[in-house]
Amino acid sequence: MHHLASDAPRLIRHYIAGEFVGSDRSFVKTSPVDGRPLATVCEAGADQVQDAVAVARAALNGPWGKLKTAERCAMLHRIADGIERRFDDFVAAEVADTGRPVSQARTLDIARGIANFRTFADLARTAHGELFQTPTADGAGALNYVVRKPLGVVAVISPWNLPLLLLTWKVAPALAMGNTVVAKPSEETPSSAALLAEVIDEAGLPPGVFNLLHGFGPDSTGEFLTRHPDLAAITFTGESRTGSTIMKAAADGVKDVSFELGGKNAAVVFADADFDAALDGVMRSTFTNAGQVCLCSERVYVERPIFEKFVAAMKARTEALRLGYPDDDGVAMGPLVSQGHRAKVLSYYRLAVEEGAKVVTGGGVPHFGDARDQGAFVQPTIWTGLPDHARCMREEVFGPVCHIAPFDTEDEAIRRANDSDYGLAACVWTTNLARAHRVAQQFHTGIAWVNTWFLRDLRSPFGGAKLSGLGREGGRHSLDFYSEITNICIKL
Ligand code: NAD
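Everything quoted here is computed from the prediction, not taken from an experiment. (Residues numbered from 1 in each chain as written. Predicted model: local features only at pLDDT ≥ 70, side-chain atom pairs only at ≥ 80, totals over all residues. Heavy atoms only, no water.)

K.L.:
Hey, could you go over the environment of cysteine 427 for me, with residue numbers and the actual values?
P.N.:
On the secondary structure map, cysteine 427 appears in strand β19 (residues 425-429). For the pair formed by cysteine 427 and glutamine 442, sequence separation is 15 residues and the distance between their alpha carbons is 11 Å. (Helix = DSSP H or I, 4+ residues; strand = E, 2+ residues; numbered from the N terminus.)

See below:
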């Protein structure tokens, strides 16, 4: 019997004003591994969105608003303790909704969820502000200093690809800075968010401080929430197109927005790179989470002298990737998140061939001969031979696929890496120190990695250039976004 195969379908409800409540409308969440129903999920209508925002607003003036920062931060540590206590439940929830390897959920998703609460609790507790002594004509001077206050009600809208990690990345700093929250996870991944509501309930946050609504985006919970006039800010992770829609909704009330959006990220491998490290790195940056990470490399540029060798090595490593059940020994890749997303990825697999790609490996659907054939698996895929203007080189596929192209000079590599409407992340692989700095500094991206990928310090800024986002979060950038800063000027 495979992990989770015996789980009975459950009812997933909203969490509003400290109560778990249902709705008239609901939908069924199915397993991406084999298509079986996993849960019935309530869908919040406009009235429940109204309730959640109203209680979140009222909670700003209740006991939550009177807590000292240290007390609030202690509550955040209690939430982290609660996730740790129920670690296996969180892993099971994330694995069931996404089909990802259990090992990934343990080491990445849930571990980072805990780290998000601990990091922002500690950062908020030790936050300090600017102070300027200003000369004045009378010689006495003036003192400028800043105080931070909560913004108000923050809407958090998160995607399905790293569900708990990306939800808590925004919920934790929003709470740490004293705001109240109405969160909506993706309709594809409601389960770990529902567990988070239970843990927050147990941690003793006052009712209304954290509220969770389930539902879809357009013409559903997400749209009703982002159009609500009483929000102070909307923080969103997801597709660039959705970000644009949400920005329009936010314009009416001039609400603060922070967006972490899509990517079409480049990896540049020089002939002087440590070949094996670069190969490992590009394998990880292409196939982690079946390519469903905003930071994944879909465009790989390899210096011509090692191009053929690199493509051959990638092909061999890709064909050895083990696809399967989340708890299979040595499983490297699970399914995509849904049949709908699989249809999108497969449409790019077909388009690439129409655009003239050579399919080095993959390009189709694996056959298992068992229940997994009802799941959303695709083959990990490598293309070569596409021109830089091909749609498959410009649009985010968000699947286990990369295109590998040769280049001849450093300037050419930088120019082609930057030739994108997106600007989230880029990697350079080289052992030449000066080149590493030179290239990394010229990437038009929010994040540039040298000889690594996905290595994060949660205190450092995170976000995207161009279509990949608006603003930065992480460390003090999060503290700044989630607070209203007042400058106080005192004439001495
Ligand atoms: P999505 O934009 O389809 O959905 C994200 C969330 O927004 C979901 O909760 C969805 O229900 C909601 N939503 C959709 N339409 C809405 C609307 N009109 N109004 C309000 N809410 C709406 O994205 P997805 O498919 O869930 O996630 C994948 C995308 O997210 C990819 O493009 C990926 O690159 C991006 N992403 C970016 C980052 C980053 O940090 N830059 C991280 C992870 C994922």
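K.L.:
Go over the sheet that holds strand β13 (residues 265-269), please, and point to the residues and values.
P.N.:
As a general point, the strands of a sheet are linked pairwise by backbone hydrogen bonds and lie either parallel or antiparallel. In space, the seven strands of this open sheet follow the order β15-β16-β17-β14-β13-β19-β20, with mixed pairing throughout. Looking at the sheet topology across the chains shown, the edges are occupied by β15 (358-361) and β20 (447-450). Adjacent strand axes in the sheet meet at a mean angle of 25° when their direction is disregarded. When strand β14 (residues 297-303) meets strand β17 (residues 401-407), the two strands line up parallel, connected through five bridges. When the bridges of β17 are listed, valine 300 appears paired with isoleucine 404. Across the face of the sheet, helix α10 (residues 275-287) comes into contact with β13, β14, β16 (381-384), β17 and β19 while running at roughly 165° to β19. (Pairing = 2+ DSSP bridges. Axes fitted to C-alpha atoms, helices over the stretch in contact; angles between N-to-C directions. Contact = heavy atoms within 4.5 Å.)

K.L.:
Help me get a handle on the packing of helix α4 (residues 87-98) against helix α7 (residues 191-202), residues and values and all.
P.N.:
Where α4 contacts α7, the axes come no closer than 8 Å and their chain directions differ by 155°. Regarding the angle of α4 to α7, the classification is roughly antiparallel. On α7, the residues touching Asp89, Phe90, Ala93, Glu94 and Asp97 of α4 are Ser191, Ser192, Leu195, Leu196 and Val199. Partitioning the contact of α4 with α7 into residue classes produces five nonpolar, two polar and three charged. (Parallel < 35°, antiparallel > 145°, perpendicular 65-115°, else oblique. Nonpolar A, V, L, I, M, F, W, Y, C, P; charged D, E, K, R; others polar.)

K.L.:
Any details on the packing of helix α3 (residues 69-85) against helix α6 (residues 163-176)? Residues and values, ideally.
P.N.:
It is the contact of α3 with α6, at a shortest axis distance of 9 Å, that shows an interaxial angle of 155°. If you check the angle between α3 and α6, you find them roughly antiparallel. Residue-level contacts link Arg72, Leu76 and Ile79 of α3 to Ala172, Leu175 and Ala176 of α6. When grouped by side-chain class, the residues that make up the contact of α3 with α6 number five nonpolar, no polar and one charged.

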